[in-house]
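# Residue-level structural notes
Here's the letter readout for the chains.
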Amino acid sequence: MVGLVIVSHSQTLAQGVLELAEQMTRGSVVMEAAGGIDDPDNPIGTDPMKVMMAIESVAAQSEDGVLVIMDLGSALMSAETALDFLPDEVKEKVLLCSAPIVEGTMAAAVQASVGASLKEVSAEAGAALNVKIEQLAPLTGETVQPVAAQAETAVAAQEGEELSIDLLVLNKMGLHARPAANLVAVAGKFQSAIQITKDDKSASGKSINQVALLAVKNGETITVTATGPDAEQAIEGIKALHADNFGERDEDVTEAVMEVEACKVGGEGFVHGAPASAGYAVGPVYAHLAKLPEVERVVISDVDAEVARLDQAVTNALADIQALQRETEKTAGKANAAIFEVHGLILGDKDMRDKAVSVISGEKVNAEFAWFQVMDKMAADYRELEDSYMQARAADVMDCGGRVLRVLTGEEEQGIILDRESIIVAHDLTPSDVAGMDPEKVLGIVTEIGGATSHAAILSRSMGIPAVIGTGECFGQVSDGKMIALDGFEGTVWTEPDQAKLDDISARREKWLAEREEAKAKGAAPAKTLDGTEIMVMGNIGVPADASRVLEYGAEGVGLFRTEFLFQDRDQEPDEQEQFEAYVEAARAMNGNPVIIRTLDIGGDKPVKYLDTPVEENPFLGERGIRFCMARPELFRTQLRALLRAASEENIWIMFPMISGVEELQNVLDFQDSVREALIAEGMNIAENIKTGIMIEVPSAVAEAEKLGAICDFFSIGTNDLTQYVMAADRGNKSVAKICDSLNPAVLRMVKMTCDAAAANRIEVGMCGELAGNAKASALLLGLGLDELSMSGPSIPEVKEAIRAVSMDDCRALAEKALAAKSGDEVRELL
């Protein structure tokens, strides 16, 4: 990996740039700062010896070379002089860069972190100003000159085949920072040049700056082109990342991007803030005045003892945070409890601890004072950032840092303990404050500072507590026990409400609560047609934590657990016990409802680096799904052992993907029987009857569905693959996307044939493809003969409502018309 040396006239500036770059790369890149000169009276300047030592230190740890980034004037001369003093074997690995010191270092650090070459890192640093110029161009009228094009040209000059693929970006916020960084990280693993094109703009897929400049939004299509010796592997790697939503789960996307109106000015008897959590509240005030322990500077003599006190305090605070994380998982879900995982990372930051130790040893002061100095400085640095979301992280630093202070001082934390339902009014609330509340007694939340992007606001939303954040000074207008009212939709708090206003907001609250309960009930209630036929509506999941999410939407089980997610983004396969625990965790979250777990469905189209995935001419027609597993019996045996054990404890059904015929299924069932017998021989208690079914996604399986149904317990139709195989059209290819239509009558006829075969064998038939979550198609699918539908969580309430609005006679009549239609568009008109 390439290392960096930052040269500046100011030691403070160089160190600050270094710290920012380390935060962006999480310490993965070797970097050193060489700033200022050792003259207390005249510290501004550059020292060639200091630069030389920094280069030598970084070069010793960076096999791929050292990039030196300088500010101006004598910094360049000092760097050149330093090179003259270096041995030739070191000098030849060093490159001086003319990039701007702040933007250039940030770009170079990110590029180095993905394993780019020294020339690529230098070119990326030189292009760093393009992002800022592009953003300012609409205001200044400037034209962006694509400096980074030099890097593209250099990288693209590779020999090898050229392959392209079109990808539709479905991420809610498009390719923003996180998914773009994931894309660059994957692209950086391959030798081939990776080009990303959107409309008439293109970028190097290995450049975070260039990908950011494309500004790819939700619903836009990018073309990925790989040129070089491993082009095919690169395309498959990026396809797999795209299939995983570029490593981002939409339901976990922080609502930090929520557009909030600038706070309106309040008036007499009311204040305005950010509408951080929707809802209405009327009730008495609980005034919460939290403060950090008072810290005094005390001179100490035993530095080692003071450092030991600090380390023990950090350990204790981490234990408190982990306990709070577990408790928050129960009340607000794992996604929101991840806030405290961030707190753990902050406290576990070696740099923060080392700075405090440096203050203790350098100034011979007590741990409390040293820790407060470091914590306060870090919070101030966050507040000075331009991005409002990052500014809000200052509260997280003070929250988790304050825990350490309380351990050191022995001062108890002021918890919020309510003896009646109240509206909490505070100057600010930490995530710990919110997580520790009793949600049954908290009517609403009002804070004087903060915004809708604070973690306290996010937790309020997850717990369904109305909140108005950042009202400015309002403590002077309220007191403990005083009746107030708030509107979390508009961000208004009435501090002097008359009876008419109290009655108005109370009535709105009752209506809001009733609507919220009605929405939950719609998802929770069974999906029965008008004539009483009940249809199972289930959820699709990728990891055990998803089970609780689909349950919240009203899922009556899991219709598809994609186990490949357990195998991806790691260096080795999960062992039997890890898989067993994951399967049991998901099943227990569903409270006894069935969980259908699909065995590993990977291959050339979904490569996993440690499994020796084959490179094939056409991976969709190659060794994938059950074929891949049967060719690797030890891998398959481990998963089946875990599944059979789990299914003996919980309501778990096993499902095999990509079954193409009777002989293949029989071989799989025989293999499963041999695994079962081995477990029993080991003394394991394995259930006698475990439901085993297959995915119907290959036309040959449809043709033999009646025979297949005689030797398995259920069918699940995967419309995504079935459609592309029936229509001979790659669903990821934009040029044939219109042909790859799940509503085409040919595909619907395949669905009907499968349902008829299931009925003949008296086994269940479900659907877990994309079509199952289309509420407009629900009546059609019921008419074709499906008795179970599985989809993503958010689609469940709407699909259930669609089922409740039809009778089975109407559904069958609609299906007959659809089967007689001439095109998918004609079917859409019927729907």
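These lines cover the structure that appears in this document, whether it is placed above or below. (Residues numbered from 1 in each chain as written. Predicted model: local features only at pLDDT ≥ 70, side-chain atom pairs only at ≥ 80, totals over all residues. Heavy atoms only, no water.)

## Examining the overall build of the protein chain
Basically, it comes down to this: Numbering of helices and strands runs from the N terminus, with a helix taken as a DSSP run of H or I at least four residues long and a strand as a DSSP run of E at least two residues long. Working rule for contacts: check all heavy atoms of both residues, and any pair within 4.5 Å makes them a contact. All accessibility values rest on the Shrake-Rupley procedure with a 1.4 Å probe; residue burial counts only the protein chains present in the view.
Helix and strand content of the protein chain: 34 helices and 25 strands. Look at the contacts in the protein chain between residues 6 or more apart in sequence, and 69% of them connect residues 24 or more apart. For the protein chain, the exposed area adds up to about 37200 Å²; of that, 50% sits on carbon and sulfur atoms.

## With respect to the sheet that holds strand S1 (residues 3-8)
Here is the rule: Pairs of strands are assigned from DSSP output, requiring at least two bridges between the strands. Here, axes are lines fitted to C-alpha atoms. For helices the fit covers the stretch in contact, and angles between N-to-C directions go from 0 to 180 degrees.
In spatial order, the strands read S2-S1-S3-S4; together these four strands make up an open sheet with parallel pairing. Single-partner strands in this sheet number two, and they are strand S2 (31-35) and strand S4 (94-97). Averaged over all pairs of adjacent strands, the angle between strand axes in this sheet comes to 20 degrees, irrespective of strand direction. Bridge count for strand S3 (residues 66-70) against S4 is four bridges, and the pairing is parallel.

## Let's talk about the pairing of strand S6 (residues 193-198)
This is how it is decided: Accessible area is worked out with a 1.4 Å probe on protein chains only. A residue is then buried under 20% of its type maximum, exposed over 50%, and partly exposed in between.
The element S6 is largely enclosed, with a buried count of five among its six residues. Strand direction decides the pairing type here: S6 and strand S8 (residues 221-228), joined by five bridges, are antiparallel. Residue pairing across strands places Gln195 opposite Thr225, the latter belonging to S8. As paired elements, S6 and strand S7 (residues 201-204) share four bridges and run antiparallel to each other. Following the sheet pairing, Ile196 is matched in S7 by Ala203.

## Looking at a negative patch on the surface
Spelled out, the test is: Exposure above 30% relative accessible area and the absence of a salt bridge qualify a residue for a patch, where like charges join within 9 Å and nonpolar side chains (Val, Leu, Ile, Met, Phe, Trp, Tyr) within 5 Å. Salt bridges are counted wherever a side-chain nitrogen of Lys or Arg sits within 4 Å of a carboxyl oxygen of Asp or Glu. The charge count includes Lys and Arg as positive and Asp and Glu as negative, but it does not include His or the ends of the chains. We put the charge of a Lys on NZ, of an Arg on CZ, of an Asp on CG and of a Glu on CD.
On the surface, a cluster of negative charge is made up of Glu294, Glu296, Glu411 and Glu412. Here Glu411 shows up in the loop between helix H17 (393-409) and strand S12 (422-426). Its relative accessible area of 36% is what places Glu411 among the partly exposed residues.

## So, a nonpolar patch on the surface
Among the surface-exposed residues, Leu13, Leu20 and Val102 lie close enough to one another that they form a single nonpolar patch of about 200 Å² accessible area. With respect to the helices, strands and loops of the structure, Val102 is situated in helix H5 (residues 101-113). Exposure remark for Val102: the relative accessible area of 32% places this residue in the partly exposed category.

## Re the sheet that holds strand S9 (residues 270-272)
Read across the open sheet, the eight strands follow the order S9-S16-S15-S11-S12-S13-S14-S10; overall the sheet is mixed. Looking at which strands have only one partner, the edges of the open sheet turn out to be S9 and strand S10 (274-277). Put simply, the sheet's adjacent strands are angled 30 degrees from each other on average, direction ignored. Note that strand S15 (residues 483-487) and strand S16 (residues 492-494) share three bridges and pair antiparallel. Its bridge partner being in S16, Asp487 is matched across the sheet by Thr492.

## Observations regarding unusual backbone geometry
Positive phi, close to 55 degrees, is recorded for Lys364, a residue that is not glycine. By the element assignment, Lys364 lies in the loop between helix H14 (350-363) and helix H15 (367-383). Backbone geometry places Arg762, a non-glycine residue, at a positive phi of 55 degrees.

## So, the packing of aromatic side chains
Put simply, the rule is: Aromatic contacts are taken between Phe, Tyr and Trp rings whose centres are within 6.5 Å, Trp giving its six-membered ring; a plane angle under 30 degrees counts as stacked, one over 60 as edge-to-face, and the others as tilted. The rule is short: NZ of Lys or CZ of Arg within 6 Å of the ring centre and within 35 degrees of the ring normal puts a charge over the ring.
Within the structure shown, the criterion is met by five aromatic pairs. Summarising the aromatic geometry, the rings of Phe561 and Tyr583 are spaced 5.9 Å apart at their centres and angled 85 degrees between planes, so their arrangement reads as edge-to-face. Remark: Tyr583 occurs in helix H23 (residues 576-589) and Phe561 occurs in strand S19 (residues 558-562); sequence separation between them is 22 residues. Joined through ring pairs, the aromatic side chains of Phe636, Phe656 and Phe671 make up one cluster. Note that Arg632 overlies the ring of Phe628, its terminal NZ or CZ placed 3.7 Å from the centroid. Geometry around Phe580 places Arg645 over its ring, the cationic atom sitting 4.1 Å from the centre.

## Considering the nonpolar core
One broad rule of soluble globular proteins: the nonpolar side chains tend to lie buried together. Basically, it comes down to this: Residues enter a nonpolar core if they are buried and are Ala, Val, Leu, Ile, Met, Phe, Trp, Tyr or Cys, with the set joined through side-chain atoms within 4.5 Å.
Counting residues in hydrophobic clusters, the biggest one holds 90 residues, and the most contacted among them are Phe656, Phe715 and Leu789. Among the elements that take part in this core, helix H25 (residues 633-647) stands out by supplying eight residues, more than any other. Core analysis: the next-biggest nonpolar cluster, separate from the first, contains 32 residues, Ile321, Ile346, Val365 and Cys400 among them.

## Examining the environment of Ile690
Summarising the element assignment, Ile690 is placed in the loop between helix H26 (662-681) and strand S22 (692-696). Placed 38 residues apart in sequence, Ile690 and Ile652 show a C-alpha to C-alpha distance of 7.7 Å. The contacts of Ile690, once residues within four sequence positions are left out, are Leu644, Ala647, Ser648, Ile652, Ile654 and Asp713.

## Here we look at the pattern of salt bridges
Under the counting rule described, the total for this entry stands at 32 salt bridges. The closest approach of N and O atoms between Lys355 and Glu19, which form a salt bridge, is 2.8 Å. Taken together, the positions of Lys355 in helix H14 and Glu19 in helix H1 (residues 11-25) put the pair 336 residues apart, joining distant regions of the chain. For the salt bridge of Arg309 with Glu306, the shortest nitrogen-to-oxygen distance reads 2.5 Å. Here Glu306 and Arg309 lie together in helix H12 (residues 303-332), a separation of three residues that amounts to about one turn. One network of salt bridges, with partners in common, ties together Asp487, Lys501, Asp504 and Arg508.

## Details of the pairing of strand S23 (residues 714-717)
With burial as the criterion, each face of S23 is covered, one bearing Phe714 and Ser716 and the other bearing Phe715 and Ile717. Sheet topology places S22 next to S23; four bridges connect them, and they run parallel. Bridge assignment links Ile694 to a residue of S23, and that residue is Phe715. Note: S23 against strand S24 (residues 764-767), four bridges, orientation parallel. When the sheet's bridge partners are listed, Phe714 is paired in S24 with Glu764.

## Some points on the packing of H14 against H15
The cut-off we apply is this: Any angle from 65 to 115 degrees is called roughly perpendicular, while one under 35 is roughly parallel, one over 145 is roughly antiparallel, and all others are oblique. By convention, the crossing between two helices is left-handed when the near helix turns anticlockwise from the far helix through less than a right angle, and right-handed when the turn is clockwise. Following the grouping adopted for this structure description, the nonpolar residues are Ala, Val, Leu, Ile, Met, Phe, Trp, Tyr, Cys and Pro, the charged ones are Asp, Glu, Lys and Arg, and the polar ones are all others, Gly among them.
Across the interface, H14 lies against H15 with an axial gap of 8 Å and an inter-helix angle of 135 degrees. Classified by the interaxial angle, the pair formed by H14 and H15 is oblique. Note on packing geometry: the crossing formed by H14 with H15 is right-handed. Taking contact as the criterion, the partners of Met352, Arg353, Lys355, Ala356, Val359, Ile360 and Glu363 in H14 are, on H15, Ala367, Phe369, Ala370, Trp371, Val374, Met375 and Met378. Each residue belonging to the contact of H14 with H15 can be placed in one class, and the counts come to eleven nonpolar, no polar and three charged.

## Things to note about H15
Condition: A helix is expected to span 1.5 Å multiplied by its residue count minus one.
Over its 17 residues, H15 runs 24 Å from end to end, which matches the ideal 24 Å to within 8%, given 1.5 Å per residue. Taken as a whole, H15 has its buried residues at Ala367, Glu368, Phe369, Ala370, Trp371, Val374, Met375, Met378, Ala379 and Tyr382.

## Topic: the packing of H23 against H25
It is at 8 Å that the axes of H23 and H25 come closest, and there the two elements cross at 40 degrees. Comparing their axes, H25 and H23 come out oblique. Crossing angle aside, the handedness with which H23 passes H25 is right-handed. On H25, the residues touching Glu576, Gln577, Gln579, Phe580, Tyr583 and Val584 of H23 are Thr638, Gln639, Arg641, Ala642, Leu643, Arg645 and Ala646.

Treat this as a map of the structure, not an account of what it does.
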